[in-house]
Amino acid sequence: MDYYQILEVEKNASKDEIKRAFRQKARKLHPDVNKEPDAEEKFKELGRAYETLMDDNKRALYDQYGEDGLKNAGYSSQGPFDFGFGDINDIFSAFFGGGMETGFGGYRENPNAPRRGADLRMDIQIDFMDAMKGIEREIKIEHTEPCETCNSTGFDKNAKEQVCKTCGGHGRVQQNTRTILGSFTSVTTCPKCHGTGKSPESFCKVCKGEGGIKKEKTIKIKIPKGVDTGSKIRLSNEGNAGKNGGHPGDLYVVLHVKESEKFIREGADIHTILEISPSQAVLGDKVTVETIDGNVEMSIPQGIQSLDKLLLKGRGVPFIGSDTQRGNHYVTVKVVTPKKISKEEEQLYRMLYNIQKNTKEGIKDKVKAALHR
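Attention here is on the structure that accompanies the text. (Residues numbered from 1 in each chain as written. Predicted model: local features only at pLDDT ≥ 70, side-chain atom pairs only at ≥ 80, totals over all residues. Heavy atoms only, no water.)

As for the overall build of the protein chain
- A tally of helices and strands in the protein chain yields 8 helices and 15 strands.
- Sequence separation of 24 or more characterises 63% of the internal contacts of the protein chain that already satisfy a separation of 6 or more.
- Surface summary for the protein chain: the accessible area is close to 23500 Å², and the carbon and sulfur share equals 48%. (Helix = DSSP H or I, 4+ residues; strand = E, 2+ residues; numbered from the N terminus. Contact = heavy atoms within 4.5 Å. Areas by Shrake-Rupley, 256 points an atom, 1.4 Å probe, with all protein chains shown as cover.)

Here it is in structure tokens:
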């Protein structure tokens, strides 16, 4: 299944092009309009394609590895840590505002049908170690909550209902345009009632017809261990209130992880640098290494070279949603030559140097003697 073919766009298509393509195809494939047996499945495939290609992280994975790459990375439309719009009907509702009804010889959105509230986004910054261990965080958000005065309908229950005179209660106006190519008919949202079909005089005085009131709220979120910059947490129903009894939108919390001064992260792996002396490199040693779990003891083998890497298996970044899977910790060894040494150290180095020099010369003499036999 090729997501670009489903949406009928090029692989270098912009987000605006993808959005336009989704709008056009969604109107044709929605099960309320298309009565073909496979319409629902095609509509879901369209939603998956849109959800993937509109997310930069998902799109990059899909372009390189296809659907398997998305699955292996843990992206899913299920569970508390969703990385997309979620339910396909919510996608349609977000674009077209809910239910459909016949009108003007075709179909149009029903202005009085339940409308899903808008999604919200909040960006927060967390420390590196909090991302490694997972934390619970309190955040303050401002969103719209259902208006109790009008039960989120946006209309004054005590006011005499008045039909919009501009559109006659349809919520849409039809315009005919004549050109040299012929006459064209277009249907647009009524500019007077904004598609409600009712007179503005009947709007709720508290929420001004919006169906919701802005309020500040403090909520707790659980940030799982292993998250990285760009990770998103979806909090269902914490977006703006819906209208006419529609579901609230969702809140997407986008994480930004501060860089660590001690650890370098590459995917699920951690990298650090360990400086050792020439004697440690020659003789080997046992040293203490700091990991994201604390200090651990590690053995340095004899004869290790500068820039060699040592492995601490399973000491890397935890996989999101897993209690057992983790990356690795790689320790890059850097042999540091001392710039200043004591007289005693200098004598010892000279002794070592002479021993090594004599050993090399002795080997050369033995080789020469063997060649002349």
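Regarding the packing of aromatic side chains
- According to the stated counting rule, one finds 3 aromatic pairs in the structure shown.
- Residues F128 and F263 carry aromatic rings whose centres are separated by 6.2 Å and whose planes lie at 15 degrees to one another, so their mutual orientation is stacked. One end of the pair, F128, is in helix α6 (residues 128-133); the other, F263, is in the loop between β9 (251-257) and β10 (264-266), and 135 residues separate them in sequence. Note on accessibility: F128 and F263 belong to one class, buried.
- With a centroid separation of 5.5 Å and 50 degrees between ring planes, the pair formed by F155 and F203 is classed as tilted. Taken together, the residues span a long stretch of sequence, with F155 in the loop between β4 (135-146) and β5 (172-179) and F203 in the loop between β6 (182-189) and β7 (212-223) at a distance of 48 residues. Neither F155 nor F203 differs from the other in exposure class; each is buried. (Phe/Tyr/Trp six-rings, centres within 6.5 Å; stacked < 30°, edge-to-face > 60°. Buried < 20%, exposed > 50% of the residue type's maximum accessible area, 1.4 Å probe, protein only.)

Structural notes on helix α3 (residues 39-53)
- With 15 residues, α3 should cover 21 Å at 1.5 Å per step; its first-to-last C-alpha distance of 21 Å lies within 8% of that length.
- Listed as buried for α3 are A39, F43, L46, G47, A49, Y50, E51, T52 and L53. (Expected span 1.5 Å × (residues − 1).)

Thoughts on a nonpolar patch on the surface
- Taken together, the side chains of I341, Y349 and L352 define a hydrophobic patch exposed on the protein surface, amounting to about 260 Å² of accessible area.
- Among the secondary structure elements, L352 is positioned in helix α8 (residues 343-371).
- Judged by its relative accessible area of 42%, L352 is partly exposed. (Patch = residues over 30% accessible without salt bridge, like charges linked within 9 Å, V, L, I, M, F, W, Y side chains within 5 Å. Salt bridge = Lys/Arg side-chain N within 4 Å of Asp/Glu carboxyl O.)

Regarding the nonpolar core
- Membership of the largest hydrophobic core comes to 23 residues, with the highest contact counts inside it found for I124, I126, I139, I223, L251 and V253.
- At the level of secondary structure, the elements contributing two or more residues to this core comprise β3 (120-126), α6, β4, β7, β8 (232-235) and β9.
- Top element by residues in this core is β9. It accounts for 4 residues.
- Residues in contact with I126, not counting those within four places in the same chain, are A131, I135, R137, I223, V227, H256, V257 and K258.
- L29, Y50, L53 and M54 belong to the second largest nonpolar core, which has 19 residues in total. (Core = buried A, V, L, I, M, F, W, Y, C linked by side-chain atoms within 4.5 Å.)

Considerations on the pattern of salt bridges
- Under the counting rule described, the total for this entry stands at 19 salt bridges.
- For the salt bridge of E8 with K25, the shortest nitrogen-to-oxygen distance reads 3.5 Å. Taken as a pair, E8 in the loop between α1 (3-7) and α2 (15-29) and K25 in helix α2 lie far apart in primary sequence, 17 residues in all.
- Salt-bridge contacts for E145 lead to K215; the nearest nitrogen and oxygen are separated by 4.0 Å. Here the residue E145 occupies a position in strand β4, and K215 occupies one in strand β7, the gap between them amounting to 70 residues.
- A single salt-bridge network, built from bridges that share partners, covers R116, D119, R234 and D250.

A word on the pairing of strand β11 (residues 269-276)
- Here β10 pairs with β11 via 3 bridges, running antiparallel. Note on β11: the bridge partner recorded for I264 is H271.
- Between β10 and β11, which pair antiparallel and follow one another directly, the connecting turn spans 2 residues, one of which, G267, has a positive phi of 65 degrees. (Pairing = 2+ DSSP bridges.)

Overview of unusual backbone geometry
- For N151, which is not a glycine, the phi torsion comes out positive at approximately 55 degrees.
- Even without being glycine, N237 reaches a positive phi, approximately 65 degrees.
- Relative to the assigned elements, N237 resides in the loop between β8 and β9.

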